[in-house]
Amino acid sequence: MRPGTGRRKRISSVFVAFCAGSVLLALVPLAFVLFFVVSQGIQSLNVAFFTHMPAPVGEPGGGMANAIVGTLILVGLGGIFAVPIGIMSGIYMSEYAGTWLASLVRFAADTLNGVPSIVVGVFVYGIAVLPFRQFSALAGGLALGIMMIPIIARTTEELLLLVPGTMREGALALGATHARAVFTVVVPSAAQGIITGIVLAIARIAGETAPLLFTSLNNRFFSTTLTQPMSSLTVQVYSYASSPYQDWHRQAWAGALVLVAIVLTGSLLARFATRRLESLSPR
Amino acid sequence: MRAGRAAGDLAFRLGTGLFGLVLVLLVAAIGAELVRQSWLSIETFGLNFWRTSIWDPVAGEFGALPFIWGTLYSSMLALLLATPIALGIAVFISELCPNRLRPPLVFLTELLAAIPSIVYGLWGIFVLVPAVRAAETAFPQALKSLPFFSGPPFGLGMLSAALILAVMVIPFTSSIAREVLKSVPVAQREGAYALGATRFEAITAALYYARTGIVGAVLLGFGRALGETMAVTMVIGNSPKVTLSLFAPQHTMAAVLANEFSEAADDLYLNALIEIGLVLFVITLVVNSLSRLLIWSMARSERQAAATTVVPAAESAA
Amino acid sequence: MRTLGIAAIGFTVLVASAAAQKMQIQGAGATFPNPIYSKWFSEYNKLHPNVQINYQPIGSGGGIRQITGQTVFFGASDGPMTGQQLKAAPGALMHLPTVLGAIVPVYNIPGVTGELKFTGELLANIYLGKVTKWNDAAIAQLNAGVKLPATDITVVHRSDGSGTTYIWVDYLSKVSPEWKSNVGVNTSVNWPAGVGGKGNEGVSGIVTQTPGSIGYVELIYALQNKISYGTVRNAAGEFTKATVQSVTAAAAAAATQMPADFRVSITNAPGKGVYPISSFTWLLLYENPKDKAQAKTMVDFVKWALTDGQKYCAPLGYAPLPDSVVKLELAAIARIRTS
């Protein structure tokens, strides 16, 4: 063997050990937190939780049915707003990477990502609540959507940039328009990654309270009206966790558990869907 | 046919560009709104706002320095802790781990991201902070004289905040880094191995190839840390002070804004709070500019290297 | 397909008509009365099934801002609005006290299980950072017979703005001239010492977890979390514990000099058996609101809450209003235009 090989091999082994160690290290707090949430939340999960509205303290059988539905609606609204803008912006940034507009969009996306959720909430309050004198689910969805955009856009951009140029060129050589080449060849080959971006964005906003406090407010009653305040798991959990009552605390934990479950289920479904998509795309 | 194609391509460019423009306008609108709603405070305090350490709602004196300090300190620490681990995880999942282990590990990392920040905060108060307090109390006396470790062991403070932020940042950076690494063409790695590289060296080559994506992943994580509110405010002690000590309670911009916004009823107080939001906005802009410069210089050095060496096309093994 | 369409239309009509009959009134404000308000709105909904009152606890300041911006029909606050805030509102606003609350000094001292006695001045000095150890002479002389350790005092205050803070510092300002001049009164102040917890539950959490700490929370938090809380010396010199009776007594003492708009602080109230750190919490309503139907319903609700509703207070840890104050309010509420 050449001299120096032993040292290089040792460095490599240390590196591999470090990577494996990182995984274990990250799993430790995860296990702790999960154990905490599950052990506290599972006690209060019952059928009533999923079918009843919040009850005043001391009355048994309260639930968060309206909050569960509300969260799904708000996240859905956010997604409807954010996914098209995010993906299209990401496509522009990667396809026309050298232009001044692409650099500007990238810069704007990174800045938007650092804006704290409460600032987004205050901004949307100013443009969508105050002028109409109305708290609404639409305003809440807008606030959540705004927070999702940069994550989706940047992830889409970075992944599209990594698609080998040969794929794009191949499609163009076969006579496809630019749009066709991008949408039928480039994007599907990065689909798994783009979905990761969307899932991350949803995970990011599904647990947010601050942007909803001044936009969709919250609602003790069941409501699917988009122009009225809408209940959400995060605000309800926050409200209960801030109270002095053990019963409400237990329900707050149950709510947190349901929230985590919703986000995970969504991510699993998304992965499953794109696995089929990826098996069809050329790679 | 040609003209139709050109028109189609132009429409595509304009269409996607328009969406990008919406993003830019959104950010500009937020910035403008922040300025508008904090104008009274800007007029009253001017640049002193950035330099003063007093936060006195009763006397009407406001200064953002302790919050700027707390935000930057906690985010930097979090990044320092989280980035190596996140990259280690990304590398492990995409390069080193057996195929069967991959889906569950991906699932577990995303699980970390799915936990709402308020849950992290509550876990922080009941589990992390007491543990940190115990660690601080047991800390060797000799090291306690260092400015980093001075002060009584509250448990609540910069260390707890940095730890919690690191845990929250890890899944973001690692998920994106993982996707980025997955997209590095197989040819890159195979070429390295063919040349006799160790695993470390081959992976480093892949990381280098994907470096702008990796920096993007780190930036996204940093943005997450800068703006995180709920979890931080529950463990950092919420005490506006500028100090190096990891043990001392401190405060961040996002935390003070979230804490005091709903109760602030007089105009100057409200404006000062919004100005803190503006300061955070500006700082995010500055951090982004610096990292853009970093990426640009990285790309520049690659262009220079490419111009002076003769290298076969990287994707020849397509 | 056609039957599906008809069913859809029928369903929509049904829902729409049901929705048309339900009245939803929006309110927002203080977090402190949220438990009793949610009980009240639920009980009232049982009596009047078509009335849904949606109250959200976003904080006293939030309540004031939202009612001023008219995004809600009524607000709620633990601290009365200032003259400036009232002027900023687009119409005349009325303050209506609903229940009473008390703030208690909670502590976690290793080895001490009983009740400690405090004076207002001592509490101020602790929060000013002047008294730093639990075995300080100032504490010991009030609590002869209690073995106080030489532990440092960790002061815990609120990190978020709050009506609770307002009441606490309002009391401290009345009993300590130094507090009044150096720190002052607001929903959020420049705390000379200590760490900040978010919300009443944040402070409770920190105190429970930190040996040697002292904090201030609403009575119900101390009771529910089973944290030790001390007695405080009132203006008549007695060391009183916060109970439903001693808090209601504080309001009764103030009733004789109640201003017409009910904006009064009852901390450090004179009289026997009074707990000195007590306060009203108010509903904020426009005297001439636009929506007369909602106004009529709200007036009816308030009348119910001030009379029948008061029986739900004590079990939830709130002190009911004294009859003298209720009488004054029922008279004042006639000012709200319902037609």
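Reading guide: rules and limits
- Residues numbered from 1 in each chain as written.
- Chains lettered and ligands numbered in written order.
- Predicted model: local features only at pLDDT ≥ 70, side-chain atom pairs only at ≥ 80, totals over all residues.
- Heavy atoms only, no water.
- Helix = DSSP H or I, 4+ residues; strand = E, 2+ residues; numbered from the N terminus.
- Buried < 20%, exposed > 50% of the residue type's maximum accessible area, 1.4 Å probe, protein only.
- Contact = heavy atoms within 4.5 Å.
- Buried area = accessible area lost by both parts, 1.4 Å probe.
- Salt bridge = Lys/Arg side-chain N within 4 Å of Asp/Glu carboxyl O.
- Polar contact = N/O pair within 3.5 Å; in protein donor to acceptor, adjacent residues only side chain to side chain.
- Pairing = 2+ DSSP bridges.
- Domains from an automatic or database assignment.
- Disulfide = S-S within 2.5 Å.
- 1 Å grid on protein atoms, 1.4 Å probe; cavity = no way out; pocket = protein on both sides within 12 Å on 5 of 7 lines; lining within 4 Å.
- Points joined across faces, edges and corners; volume = space filled by probe spheres on them.
- Phe/Tyr/Trp six-rings, centres within 6.5 Å; stacked < 30°, edge-to-face > 60°.
- Lys NZ or Arg CZ within 6 Å of the ring centre and 35° of its normal.
- Nonpolar A, V, L, I, M, F, W, Y, C, P; charged D, E, K, R; others polar.
- Axes fitted to C-alpha atoms, helices over the stretch in contact; angles between N-to-C directions.
- Left-handed = near helix turned anticlockwise from the far one by under 90°.

A. The environment of Ser-223 of chain A, seen in detail. Residue and element names in this part refer to chain A. Positionally, Ser-223 belongs in the loop between helix 10 (210-213) and helix 11 (233-241). Given a relative accessible area of 13%, Ser-223 falls into the buried group. With 154 residues separating them along the chain, Ser-223 and Val-69 place their C-alpha atoms 8.8 Å apart. With residues near it in sequence (within four places) discarded, Ser-223 still touches Gln-228, Pro-229 and Met-230.

B. Molecular detail of the interface of chain A and chain B. Contact with chain A, which involves 89 residues of that partner, is made by 89 residues of chain B. Note on chain A versus chain B: buried area summed over both sides is about 8,000 Å², and carbon and sulfur give 79% of it. Taken as a group, Phe-123, Leu-162 and Leu-200 of chain A account for 8% of the area that chain A buries against chain B, more than any other trio of residues on that side. There are one salt bridge connecting chain A and chain B. Glu-201 of chain B is paired through a salt bridge with Arg-8 of chain A; the nearest N and O atoms lie 2.7 Å apart. Run the count over chain A and chain B and you get eight residue pairs in polar contact (both at pLDDT 80 or more). The element contributing the most residues to the side of chain A that touches chain B is helix 1 (residues 5-41) of chain A, with 21 residues.

C. Region of the structure containing helix 12 (residues 253-261) of chain B. Residues and elements named next belong to chain B. With respect to burial, helix 12 is a largely interior element, nine of its nine residues being buried. Among all positions in helix 12, only Met-253, Ala-254, Ala-255, Val-256, Leu-257, Ala-258, Asn-259, Glu-260 and Phe-261 are buried. Two or three places before Ala-255, at the start of helix 12, stands the capping residue Thr-252, its side-chain oxygen 3.2 Å from that residue's backbone nitrogen.

D. Region of interest: the pairing of strand 6 (residues 154-158) of chain C. All names here are of chain C. When you tally the buried positions in strand 6, you get five out of five residues, the bulk of the element. Relative to strand 8 (residues 213-218), strand 6 runs parallel, the two being bridged by two bridges. Bridge pairing in strand 8 places Thr-154 opposite Ser-213. Pairing analysis gives three bridges linking strand 6 to strand 7 (residues 195-197), with the strands arranged parallel. By the bridge assignment for strand 7, Val-156 is matched with Val-195.

E. Focus on the domain arrangement of chain B. In terms of domain boundaries, chain B breaks down into domain 1 (1-28) and domain 2 (38-308). Relative placement of domain 1 of chain B and domain 2 of chain B: their C-alpha centres are 34 Å apart.

F. Structural detail: the state of the cysteines. Applying the stated criterion across every chain yields a total of zero disulfides over all chains. With no disulfide of its own, Cys-19 of chain A has Cys-97 of chain B as its nearest cysteine by sulfur position, at a separation of 11 Å. On the accessibility criterion, Cys-19 of chain A (0% relative accessible area) is buried.

G. Inspection of empty space enclosed by the protein at higher detail. By the definition in use, this model includes 17 cavities of 30 Å³ or more. Considering only enclosed or pocket space, the largest cavity measures out at about 560 Å³ in volume. Tyr-238 of chain A together with Thr-31, Pro-57, Ile-58 and Gly-59 of chain C are, among the 41 residues lining the largest cavity, the residues nearest its centre. Of all the secondary-structure elements, those providing two or more residues to the lining of the largest cavity are helix 10 and helix 11 of chain A, helix 12 of chain B together with helix 2 (34-47), strand 2 (51-57), helix 7 (163-175), helix 9 (199-209) and helix 10 (219-224) of chain C. As a volume, the second largest cavity reaches approximately 110 Å³. Lining the second largest cavity are 14 residues, with Arg-220, Gln-236, Ser-239 and Tyr-240 of chain A together with Asn-34 of chain C positioned closest to its centre.

H. Main features of the packing of aromatic side chains. One pass over the full model with this rule turns up 42 aromatic pairs over all chains. Ring geometry for Phe-183 of chain A versus Phe-12 of chain B: centroids 5.8 Å apart, planes at 85°, classification edge-to-face. Taken together, the residues span two chains, with Phe-183 of chain A in helix 8 (residues 178-189) and Phe-12 of chain B in helix 1 (residues 2-37). These aromatic residues form a ring-pair network of at least three members: Tyr-37, Trp-40, Phe-41, Tyr-44, Tyr-55, Phe-74, Phe-301, Trp-304 and Tyr-312 of chain C. Its end group placed over the ring of Tyr-208 of chain B, Arg-211 of chain B keeps NZ or CZ at 4.1 Å from the ring centre.

I. A look at the domain arrangement of chain A. Residues and elements named next belong to chain A. Its domain assignment divides chain A into domain 1 (5-44) and domain 2 (50-280). Each partner contributes residues to the interface: domain 1 has eight residues there, and domain 2 has six residues. Overall, the association of domain 1 and domain 2 removes approximately 630 Å² of surface from exposure, summing both partners, and the carbon and sulfur fraction of that is 81%. When residues of domain 1 are sorted by the area they lose upon contact with domain 2, Val-37, Gln-40 and Ser-44 head the list and together hold 58% of the total. Linking domain 1 to domain 2 there are zero residue pairs in polar contact (both at pLDDT 80 or more). In terms of residue class, the side of domain 1 that touches domain 2 is built from four nonpolar, four polar and no charged.

J. Just the environment of Arg-275 of chain A, in detail. Relative to the helices and strands, Arg-275 of chain A is located in helix 12 (residues 246-280). Residue classification places Arg-275 of chain A among the partly exposed residues on the basis of a relative accessible area of 48%.

K. Highlighting the sheet that holds strand 8 of chain C. All names here are of chain C. Spatially, 2-1-3-11-4-8-6-7 is the arrangement adopted by the eight strands of the open sheet, whose pairing is mixed. For this open sheet the edge positions go to strand 2 and strand 7, each flanked by a neighbour on one side alone. For this sheet the average axis-to-axis angle between neighbouring strands, irrespective of direction, equals 25°. Of the strands in this sheet, strand 1 (23-29), strand 3 (74-77), strand 4 (93-108) and strand 11 (278-286) are in contact with helix 3 (residues 60-69), which crosses strand 3 at around 155°. The sheet contacts of helix 12 (residues 292-306) involve strand 1, strand 2, strand 3, strand 4 and strand 11, and relative to strand 1 the element is tilted by about 65°.

L. Representation of the interface of chain A and chain C. Counting residues at the interface gives 27 residues for chain A, matched by 29 residues for chain C. A combined buried area of about 2,500 Å² lies between chain A and chain C, and 54% of that area is made up of carbon and sulfur atoms. On the surface where chain A and chain C come into contact, there are zero salt bridges. At the surface where chain A touches chain C, the tally comes to nine residue pairs in polar contact (both at pLDDT 80 or more). Among the secondary structure elements, those contributing two or more residues to the side of chain A that touches chain C are helix 5 (117-129), helix 11 and helix 12 of chain A.

M. Layout of the packing of helix 8 (residues 186-194) of chain B against helix 9 (residues 199-209) of chain B. All names here are of chain B. Two numbers describe how helix 8 lies on helix 9: the axes approach to 9 Å, and their chain directions differ by 145°. For the pair helix 8 and helix 9, the sense of crossing is right-handed. The residues of helix 9 that touch helix 8, namely those facing Gln-188, Arg-189, Ala-192 and Tyr-193, are Arg-199, Ala-202, Ala-205, Ala-206 and Tyr-209. Looking at the contact of helix 8 with helix 9 residue by residue, the classes come out as six nonpolar, one polar and two charged.

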